[in-house]
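Chain by chain, the residues run as shown.
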Amino acid sequence: MKIIGLLLPLLLCLSARAADKPDLALTGKLDGRDNQTYKLVPFDVPAGVDRITIDFAYSGRDEKTTIDLGLLGPGGFRNNAFRGWSGGNKSRFTVSATDATPSYIVGPIAPGRWNLLLGIPNIREKAHAEYTAKVYFSRNGRIPDLLDEPLRAQAGWYRGDLHMHGAHSDGSCTPQSGKGKVPCPLFVTAQAAAERGLDFIALSDHNTVSQANAVRELQPYFDRLLLLAGRELTTFTGHANLLGSWVPLDFRVGSAGVPDWNTLLRNAARLDGFVSINHPIRLSGEICMGCGWTAKPEVDMRLVQAIEVVNGNDADTAISGIPFWQAQLDKGYRLTAVGGSDDHNAKQWSESRGAIGIGTPTTVVHAANLSQHALLDALRAGHAYVDVFGSKDRSLEFTAKGPDFDAEMGDEVKLAQNTKADFSLKVANVGGGSVEIVIDGRIANVIDQPKIADASRTFAFTWTSDGHRHWLRADVRGADGKLSLIGNPIYVNRVAPAASP
Ligand SMILES: [Zn+2]
Ligand SMILES: [Zn+2]
């Protein structure tokens, strides 16, 4: 019986991500004598903490007891360490060097004695109240679960744009007067993405993370649009998005601290970041400085998670990232194909009626829920496809069933020589188009009738393994012959490349 008692919680932990536990729980009692007073609740912040998040609860609200909140760093007001006051309007807040909940002040987290500041505007003479402040310390830029609660709890296919620029870099749009261009406020960007019907966007301004604080304010309002932490690492020898972290990172590839891209990528890996190489096939020059991928020495692709195979509307052009991506897959790397609009004008999509701008292309991700960690986990796993024109409803589901596996896009399976697997390709809302199965980078003639006669169709083929390493994926072309959906591979017998010297 004891063993079962131990096993059950363990299994529950494996099936669902365990929530963070608070580092401290500060508790206390108040009564009528505390009416209209201020109290300090001290707590010690260890070195290395870069974010404090506080979740506050108290009893007695039914008796009109009210407790206001504020925060003081080491030395308090006298040391210019006042970190904000939210009165009775927020029960949960966070402060860090890059972002803070509105009412609170962004700044470094100094180790030492901090104080939660309580104000008690009302507690009746005979009333009693108890409060608990759960304090969460973050390190290494980790965003606690408390700040990453899913916007939508259910598993599903979520549509978003992983690459765009706004006021925090070189994104601009027409101001109120309609004349000229100004740095485009993040609100306009988020509003455009919401109107476009997207579920998530990554705010990938060039090298900076100043957008983090605006995100902290905007996210509660955009409760159907997840705003992913992002930046575009923009160097003289290539661009790559780093998603999932707001920690500032030295991007100066070629300087003393960051001699090469591998150093930068290793630093990004320490932040649990998700890295995609952007628009790899561009000519670098005076028109687009550092845009092409010319990293020397060659990067260790194991430090990269994705390739941006479509940037804006380049899918069927000579500068498409698809051949670059497929060349990496052929070497044995497991890299997720993603798309990004690289939009620099949030109003562009509405002015152009959606043909370009935010959401073109869209990356569609099969995630456990709509939260940052679930989306990035799904992207790392390759459970995604690119919708080149950013439709709202075109879909591609490529799966494989073997003797001992059910696989979806991005999965790795083992299939012994002369063993068969049944592949299935379900396509929706690309009527008049056709499908292509790509095996090891070449279009394979495994489907007799590749036309999609109706709006939606399911294709199937059986494939026999030769015991070697292969990758199989599917693309869909529209009725006009243009690439419409780009699927990620199912990897068979993949052998990961050895460590580079
Ligand atoms: Zn770029
Ligand atoms: Zn860009």
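Data block above holds the structure.
The following paragraphs examine the structure supplied in this document. (Residues numbered from 1 in each chain as written. Chains lettered and ligands numbered in written order. Predicted model: local features only at pLDDT ≥ 70, side-chain atom pairs only at ≥ 80, totals over all residues. Heavy atoms only, no water.)

## Focus: the pattern of salt bridges
- A complete count under the given rule lists 21 salt bridges for this structure.
- Of the charged contacts, one joins Arg-142 and Asp-145 as a salt bridge, the two residues approaching to 3.4 Å between their closest N and O atoms.
- Between Arg-334 and Glu-412 there is a salt bridge, and its shortest N-O distance comes to 2.8 Å. Taken together, the residues span a long stretch of sequence, with Arg-334 in the loop between helix H5 (322-330) and strand E18 (336-340) and Glu-412 in strand E23 (residues 412-413) at a distance of 78 residues.
- Bridged by salt links that share partners, the residues Asp-20, Arg-142 and Asp-145 form one connected network. (Salt bridge = Lys/Arg side-chain N within 4 Å of Asp/Glu carboxyl O. Helix = DSSP H or I, 4+ residues; strand = E, 2+ residues; numbered from the N terminus.)

## Quick word on the state of the cysteines
- Under the counting rule described, the total for this entry stands at two disulfides.
- The side chain of Cys-173 participates in a disulfide bridge whose partner is Cys-184; the two sulfur atoms lie 2.1 Å from each other. One quick way to see it: the torsion about the S-S bond of Cys-173 and Cys-184 is about 90°, and its sign makes the bridge right-handed. Highlighted residues: Cys-173 in strand E10 (residues 172-173) and Cys-184 in the loop between strand E11 (182-183) and helix H2 (186-195), separated in sequence by 11 residues. (Disulfide = S-S within 2.5 Å.)

## Points about the coordination of the zinc ion (ligand 2)
- At the metal site, the zinc ion (ligand 2) is ligated by His-163 (NE2), His-165 (NE2), Glu-232 (OE) and Asp-342 (OD), and these contacts range over 2.1 to 2.2 Å.
- Note that the zinc ion (ligand 2) binds four donor atoms; their angles at the metal cover 81 to 175°, and the shape is irregular.
- Motif for the zinc ion (ligand 2), donor spacing along one chain: H-x1-H-x66-E-x109-D.
- Classification of Asp-342 as buried rests on a relative accessible area of 16%. (Donors = N, O, S within 2.8 Å, 3.2 Å for Na, K, Ca; no water. Tetrahedral: all angles 85-135°; square planar, octahedral: opposite > 155°, others 65-115°. Buried < 20%, exposed > 50% of the residue type's maximum accessible area, 1.4 Å probe, protein only.)

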